[in-house]
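Working through the structure, step by step
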Amino acid sequence: MLQLFTIRRVKKATHQTVRLLIMVAITFFGLLFITFLIGRVVPIDPVLAVVGDKASPEVYQQARLAMGLDLPVWRQFFIYMGSVLHGDLGTSVLTAKPVLQDILRVFPATLELAVIATCIGIFVGIPLGVFSAVKRGSFLDHITRVIGLLGYSLPIFWLGLLALIVFYAKLDLLPGPGRIDVFYEDIVDPVTGIMLIDCIIAREWDIFWNALAHIIMPATLLGYYSMAYLSRMTRSFMIEQLRQEYILTARVKGVAEWRVIWGHALGNCAIPLITVVALSFGTLLEGSVLTETVFAWPGLGLYLTKSLLNADMNSVLGSTIVVGTIFLGVNLFSDFLYKVLDPRAR
Amino acid sequence: MRKLLFCAFVLMCFTAQFTEAATPKDTLVMAFKIDDIISLDPAEIFEFSGAEYTANTYDRLINYDVDKVSDIYGGVAESWTTSDDGLTFVFKIRPGITFASGNTLSAEDVVFSLKRVILLNKSPAFILSQFGFTPENIDKTIVKVDDNTVKLVIDKAYAPTFLLYCLTSTVGSVVDMKEVMAHEKDGDMGYNWLKTAYAGSGPYKLKSWKPSETLILDSNTKYWGHKSELKRVIIRHITESSTQRLLLEKGDIDIARNLGPDDIKGVAGNADIKIRSRAKGAIWYLGLNQKNKYLRLPQVRQAFKYLIDYKGMEQTILNGKATVHQSFLPEGFLGASAETPFTLDVAKAKALLKEVGLEKGFTVTMDTRNNEPTTSMALAIQATLAQAGIKLEIIPGEGKQTLTKYRARTHDIYIGRWGPDYMDPHTNADTFARNPDNSDGAKANPLAWRNAWDIPEMTKKTDAALLEKDTGKRAQMYMELQREHQQVSPFVIMFQEIEIMASRANVKGFVLGPAYDSNFYQYTTK
Amino acid sequence: MSSTRRWQHWLLSDSPASPFQAAAGRTYLGLAEFLKNRLAVFGLLIIAALILIAFFAPYIAPCDPLVTNLVNRLQPLSAAHYFGTDEVGRDIFSRIVWGSRLTLYVIGLVAIIAAPVGIIIGTVSGYFGGLIDTILMRITDIFLAFPKLILALAFVAALGPGIENAVIAIAITSWPPYARIARGETITIRNGDFIKAIRLQGAGPIRIITGHIMPLCISSLIVRITLDMAGIILTAAGLGFLGLGAQPPSPEWGAMTSTGRAYIIDHWWLITMPGTAIFVVSLAFNLLGDGLREVLDPKSDN
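All residue numbers refer to position in the chain's written sequence, counted from 1. Key to labels: chains lettered from A, ligands numbered from 1, both in the order written. For a predicted model such as this one, the threshold for reporting local features is a pLDDT of at least 70, and the threshold for listing and counting side-chain atom pairs is 80 or more; totals across whole chains, interfaces and linings nevertheless cover every residue. The side-chain quantities take in all heavy atoms of the structure and omit both hydrogens and water.

1. Focus: the overall build of chain A
For clarity, the threshold we go by: By definition, any uninterrupted DSSP run of H or I lasting at least four residues is a helix, any uninterrupted run of E lasting at least two residues is a strand, and each is numbered from the N terminus. Exposure classes here rest on a 1.4 Å probe applied to the protein chains alone. A residue is buried below 20% of its type maximum, exposed above 50%, and partly exposed in between. By definition, residues are in contact when any of their heavy atoms lie within 4.5 Å. Only the protein chains shown count as covering a residue, and every accessible area follows the Shrake-Rupley method with a 1.4 Å probe. Neither His nor the chain ends contribute to the count of charged residues, in which Lys and Arg are positive and Asp and Glu negative. Just so you know, the charge point we use is NZ for Lys, CZ for Arg, CG for Asp and CD for Glu.
In terms of regular secondary structure, chain A is built from 13 helices and zero strands. Dimensions of chain A, computed from C-alpha atoms along their principal axes, come out at roughly 85 × 65 × 40 Å. Counting the 346 residues in chain A, one finds 54% classified as buried. Contacts in chain A between residues at least 24 apart in sequence constitute 70% of all its contacts with a sequence separation of at least 6. Carbon and sulfur atoms provide 69% of the accessible area of chain A, an area that totals close to 15,900 Å². Both charge centroids of chain A, one from 27 positive and one from 24 negative side chains, sit 16 Å from each other.

In structure tokens, the structure reads:
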């Protein structure tokens, strides 16, 4: 009986997975289709973008043929899809390098920022949410609410600029824009691309501290937004949990209050919170576009912005595909965790 | 919460000490907009900061004196002779030059470099191909005579300095043939490699390039001339003027290259910072499309020239970054005219408009790049045109977008900045005052063509000036050409650009030349 | 009994005499609940003020927002220029006042485009189910798979910078959640008895959807859209800040912040004023949205 049940469950799981994969494939196809469409309607001569203003007509024609612009549109789409699936996102006009190579180079910087920001969000936001749910209407609860409201209402680029002026220009407490001081550029080999880890590998402690100091401001800024979101969600999840009967039961049984709150109630919030954290991670990728512009942080966001302003469509679409794919992946992963962890979802 | 604040405070105190850094003694740290670099191959480089990169990392055949452009002196070509018919040039190659790779530079490398420009046929190739060099004839026209001698045969007897000035530009850079060909793939002459790599003999060599991020150069110890004083140059791409200024004020960088007028004013009183400036060749102008029914009227064109607040713009939004200039040759060029006949004169403009029955004004559009100072200039122009009843609608756009329209001749007015390609006056005359074919399908797209200005007579005059051998006479011809152009052309030429560089007070010896390819780092000390 | 009292009594009656009285009673209770939330009322007042300012902009603004005056540039705050002047001598206060029109224009247009698209796709999908549902929801998911701002950026890149294009890009990226909500509501309603009754009377699907299902979806959509308004304002400002939204010389607040960035060190008011304006308005929408949610959706506790 038990065996039968397991087999059925495996079958069901396989069926679900296949279904999910098909869904993901369709979504991915749609993603490519949209990016391709976008690339077609740009009111900019793509050839001009490559050869520059002063090129001769022969050079122009030569580049046009090389880009396959003389083929019918549907063939261009299939060529495009084929090359994206092979990891070929085209060549960037701005950097003269394959877009994928560019993205692999800049993405670790964004990842570094987003991970630290998410950590700030989790380790500050969740406790804040728990406290304010437990002590509703208290001073701390009001603070949480204000933090949340500000997080939803303040333009991130504006807050970043103000922070830069106050902490760098006026108070001189934190270093300015960039990942490290300019003269430290290119000393540490990019093994992982994540500056802090690379410095540890290379044992360049001066640069490590320098990089750490540089990341504080942008990461705190992004982390603030993550924190605002997480604390608010945690609070409402916790309030719902604390109303449940089992909490009362536990309290009646004499379980210590901190265990009731941090163990029982928060434990039961863990599953929806994972989805929320995953979602907020995705939003951080978005927030990084503006934050990186403000802090001259050489990550994917800045790369995307620069490409946009220079009408470098291969890079724009490449970054969009990559971010879309990551977004898809993160959502898939949180779905998966949800299914694994939540007894009801089984 | 209190704990949190405390932690933040501790963290801040702890990081504070790391902000007190100064740049290393042997390194020049510079903030500079370098996002225009799309290639490091001298046969392809055509942008301002790219030109500056080649100037410091490659040797060119011929150089000009940065303080007196009319003085030409040898680079890789130690000396040269010209045949009596003006068609054959023989260059003696300087002995004892080695590339950073250790290879010796010989006539073979020179021939290879020039042929490569023609064969790759990238954007700047026309600078050489305008002398009649084609892939078919280069084996006969660009010839190695012996290890130290190169012969060039051109198609017409142009003014002799024309070729020489063209060889002072980026395409005259000599690349290391052995090194480049070692990286050749599918007959690309090493193009795909050299796009991001280095094979030269200049005072600095490339250490690394991250597009739109950093460009790092190291001293080339094998350099034959004045060896660089500082071991390393780090160039960091920073777009915002205010950020560059902050970094400079804090001492995080030694030089800020792109300060805006207001930030220059802001650092002016700072004893730790000094400011230098140098007129560059770029020119700001308005192109009035002659396909527009209003703009094609000579009176309207003339009225526009009286409706620009030249002085006002120079003193406020441009503030030292440009100077009033109204002829197509920038100051410093042979035959450049410094005459500025136009000032803001609304009454005169109104009278001109009345002559053609447009005293009530009309509406036109202007395609404007969405960057500074272009936007501010457009706004100022919009305000003064309005005084004569002309309603200017600004169509902002990204650079390539406005350019696409400009080249399709579908604009009304285009506000543009034009930089000369080499130091001979023909570079600007060719584009502003020459239009051999005004049909829509024309092969060449000079600025005169883009504004649909049909000028068979002036084209002849421009061609004649190019063939004039007597330098004094040639200068006179350009003077006359500019004077006529100033009055009749659909170009409202407004300003010549000035480069302003702000540096820490201890930085000395940075050479600011008249063009970006004559900004040199090797004498800089600090 | 005073007349107010009498009204209250009528409104709160346990046994309303007419459907109208019942509806009025419900509205009254909701309104009373809403008015108790002082922050939400505050938000509503700010939005009302914004609309008034936008409407009367020509009378409130002392200067033309577009007229430049190079002599008067970068003036600090003064009685003549309450918020100072910008880099080409325009009065910042006047620009912010006129900019309120652009803000309303953006959020209004996004709502007008995105809400109907979302509601149509959602109700059709939910009503018919099956293959149509699968296809439409797949398309919705594809749009949801992109982070909003990034997709908007890609669209703006394609359409070219400009406020209309920014609106279109934001609208394209904001309809999917509305479709989801409308679909959910439709699924709960479609098998209700009253829909069955209407169907028996011979009403076609178009009439049922437009006449009976859509109206029922609207209240939850309104809450959602109000809550989204702040996000739309911030996205539009972000696009403006990146130079991809409204273009100069239009007095859009995000673009003003972006320009002000170049003068941040010596001329703080260029960036502070428009930034504050963005903040105040999006805060107001957040407060209002929260308040509305508490009234209309008492389950959630925020």
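2. Some remarks on the overall build of chain C
Broken down by element type, chain C carries 12 helices and zero strands. For chain C, the sequential pattern of α-helices and β-strands runs α-α-α-α-α-α-α-α-α-α-α-α. By its C-alpha atoms, chain C is 75 × 60 × 30 Å across when sized along the principal axes. In chain C, buried positions account for 54% of the 302 residues.

3. A short note on the interface of chain C and chain B
For clarity, the threshold we go by: Buried area is calculated as the accessible area (1.4 Å probe) missing from two parts once they are joined, with the contributions of both summed. When a carboxyl oxygen of Asp or Glu is within 4 Å of a side-chain nitrogen of Lys or Arg, the pair counts as a salt bridge.
In this complex, chain C contributes 19 residues to the contact, which on the side of chain B involves 20 residues. Both sides of the chain C and chain B interface together cover about 1,700 Å² of buried area, and 58% of this is carbon and sulfur. When the area that chain C buries against chain B is broken down by residue, the three leading residues are C:Leu70, C:Arg73 and C:Ile265, summing to 30%. In this structure, the connection of chain C to chain B is made through three salt bridges.

4. Some points on the domain arrangement of chain A
All names here are of chain A. Selection rule: Domain boundaries shown here were taken from an automatic or database domain assignment. Think of a polar contact as two N or O atoms within 3.5 Å of one another; within protein, one of them needs to be a possible hydrogen donor and the other a possible acceptor, and neighboring residues in sequence only count if both atoms come from side chains. Amino acids outside the nonpolar list (Ala, Val, Leu, Ile, Met, Phe, Trp, Tyr, Cys, Pro) and the charged list (Asp, Glu, Lys, Arg) are all regarded as polar, and Gly is one of them.
Each domain of chain A was delimited in the assignment, giving domain 1 (12-85) and domain 2 (103-345). Computed over C-alpha atoms, the centres of domain 1 and domain 2 are 32 Å apart. If you look at the interface, domain 1 gives 15 residues, while domain 2 gives 10 residues. Both faces considered, domain 1 and domain 2 share a buried interface measuring about 1,000 Å² in area, 88% of it formed by carbon and sulfur atoms. Linking domain 1 with domain 2 are zero residue pairs in polar contact (both at pLDDT 80 or more). Breaking the side of domain 1 that touches domain 2 down by element, the ones donating at least two residues are α1 (2-41) and α4 (73-85). The element best represented in the side of domain 1 that touches domain 2 is α1, accounting for 10 residues. Looking at the side of domain 1 that touches domain 2 residue by residue, the classes come out as 11 nonpolar, four polar and no charged.

5. Some details on the packing of helix α11 (residues 257-295) of chain A against helix α12 (residues 300-309) of chain A
Think of two packed helices as two axes; the pair is described by the angle between the axes and how far apart they sit. All names here are of chain A. Counted only if it meets this: Orientation is described by axes fitted as lines to C-alpha atoms, over the contacting stretch for helices, and by angles from 0 to 180 degrees between their N-to-C directions. For this classification, under 35 degrees means roughly parallel, over 145 means roughly antiparallel, 65 to 115 means roughly perpendicular, and everything else is oblique.
Contact geometry of α11 with α12 gives a least axis separation of 7 Å together with a crossing angle of 80°. One element, α11, and the other, α12, form an angle in the roughly perpendicular class. For the pair α11 and α12, the contacting residues are Ser288, Val289, Glu292 and Thr293 in the first and Leu300, Gly301, Leu302, Leu304 and Thr305 in the second. Within the contact of α11 with α12, the residues separate by chemical class into four nonpolar, four polar and one charged.

6. Some thoughts on the pairing of strand β14 (residues 363-369) of chain B
Residue and element names in this part refer to chain B. This is how the line gets drawn: At least two DSSP bridges between two strands are required for those strands to pair. A crossover counts as right-handed when, viewed with the strands pointing away from the observer, the path leading from the first strand over the helix to the second turns clockwise.
Within β14, five of the seven residues are buried, which leaves the element mostly enclosed by the surrounding structure. In this structure, β14 lies alongside strand β15 (residues 391-397), joined through seven bridges in parallel fashion. Within the sheet, the bridge partner assigned to arginine 369 lies in β15 and is glycine 397. In this region the chain leaves β14, passes through helix α14 (residues 374-386) and returns to the parallel neighbour β15; the handedness of that crossover is right-handed.

7. Describing the interface of chain A and chain C
The interface is formed by 45 residues belonging to chain A together with 44 residues belonging to chain C. Counting each side, the surface lost to burial between chain A and chain C is near 4,100 Å², with a carbon and sulfur contribution of 73%. One can count two salt bridges joining chain A with chain C. Residue C:Asp290 pairs with A:Arg145 through a salt bridge whose shortest N-O separation is 3.8 Å. In this assembly, chain A and chain C are joined by seven residue pairs in polar contact (both at pLDDT 80 or more). Put simply, the parts of the chain that give the side of chain A that touches chain C at least two residues each are α1, α6 (139-153), α7 (156-170), α9 (205-242), α11, α12 and α13 (313-341) of chain A. By residue number, the principal contributor to the side of chain A that touches chain C is α1(A), which donates eight residues. When its residues are assigned to classes, the side of chain A that touches chain C shows 30 nonpolar, eight polar and seven charged.

8. A short note on the pattern of salt bridges
All names here are of chain B. In total, this model carries 46 salt bridges over all chains according to the counting rule given. With a closest N to O distance of 2.7 Å, aspartate 41 and arginine 116 form a salt bridge. Residue aspartate 41 is located in the loop between β1 (27-31) and α2 (48-57), and its partner arginine 116 is located in helix α3 (residues 107-120); the two are separated by 75 residues in the primary sequence. Residue classification places arginine 116 among the buried residues on the basis of a relative accessible area of 1%. The partner of aspartate 147 in a salt bridge is lysine 144, and the shortest N-O contact between them spans 3.2 Å. In this structure, a network of salt bridges that share partners links the residues Glu52, Arg257, Lys280 and Glu499.

9. With respect to the sheet that holds strand β7 (residues 149-153) of chain B
Residues and elements named next belong to chain B. The strand order β4-β5-β7-β6 describes an open sheet built from four strands, whose pairing is antiparallel. The open sheet has two edge strands with one neighbour each: β4 (77-82) and β6 (142-146). Neighbour to neighbour, the strand axes of the sheet diverge by 25° on average, direction disregarded. As paired strands, strand β5 (residues 88-93) and β7 are joined by five bridges and run antiparallel to one another. Across the sheet, lysine 92 pairs through a bridge with threonine 149, a residue of β7. Here α3 sits on the sheet in contact with β5, β6 and β7, set at roughly 180° to β6. In the packing of helix α6 (residues 160-167) onto the sheet, contacts are made with β4, β5 and β7, and the angle to β5 comes to roughly 40°.

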